[in-house]
Amino acid sequence: DLVRSRGLGDVYKRQVQELLSNLKSDPKNYDIIVQTGNAYFDIGLYQEAIEYYKKANDMQPVPDILIDIGVCYFSLGQLDSALAAMNKGIQYRPDHKQGLYNIGIVLYNLKDYEGAIGKWTQLIETHPNTVEAIRVKEYINEIKNLQTGT
């Protein structure tokens, strides 16, 4: 694992401990709650990240948090939950670049290729000159090649 191989595991663990300590004295601090979710996310403790992201979302729904919850679920192999969280995220901002990208990835993994192409097409239309748009154009071509057998 990259974090452990570079000796960063202890740094992230200390960061989590510091954030948890700060939360004890200020348990309703939105920023610390989000940072704690991010720290757990960074070390691959996705279930713990979800817990803190959900607390933050209950306080203040933000598309980015919902998308991150979805990425956590995706990383845990819970694709239906990932899709549900991400879809909630883009309800707040339908042109959310990372949300459209990630929903396409989840749909692709659910073998809903047309759904994936639909989200990625929306991404290309709303964010045409981004790295994500270039990447999804390649994904769309791969899907079309699979479908035509070329």
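Our subject is the structure listed above.
Residues numbered from 1 in each chain as written. Predicted model: local features only at pLDDT ≥ 70, side-chain atom pairs only at ≥ 80, totals over all residues. Heavy atoms only, no water.

Draft legend 1. Just unusual backbone geometry, in detail. At Lys111, a position not held by glycine, the phi torsion is positive, near 65°. Its place among the elements puts Lys111 in the loop between α7 (97–109) and α8 (113–126). Residue class for Lys111 comes out exposed when judged on its relative accessible area of 60%. (Helix = DSSP H or I, 4+ residues; strand = E, 2+ residues; numbered from the N terminus. Buried < 20%, exposed > 50% of the residue type's maximum accessible area, 1.4 Å probe, protein only.)

Draft legend 2. Summary view of the packing of aromatic side chains. In the structure shown here, the tally under the stated rule is 6 aromatic pairs. A ring pair is formed by Phe41 and Tyr46, whose centres lie 5.6 Å apart and whose planes are at 80°; its orientation type is edge-to-face. The class for Phe41 is partly exposed, based on a relative accessible area of 24%. Look at Tyr46 and you get partly exposed, because its relative accessible area is 22%. Ring geometry for Tyr101 against Tyr139: centres 6.3 Å apart, planes inclined by 40°, an arrangement best described as tilted. Here Tyr139 lies in helix α9 (residues 131–148) and Tyr101 lies in helix α7, a separation of 38 residues in the sequence. For Tyr101, a relative accessible area of 9% gives the class buried. On the accessibility criterion, Tyr139 (22% relative accessible area) is partly exposed. (Phe/Tyr/Trp six-rings, centres within 6.5 Å; stacked < 30°, edge-to-face > 60°.)

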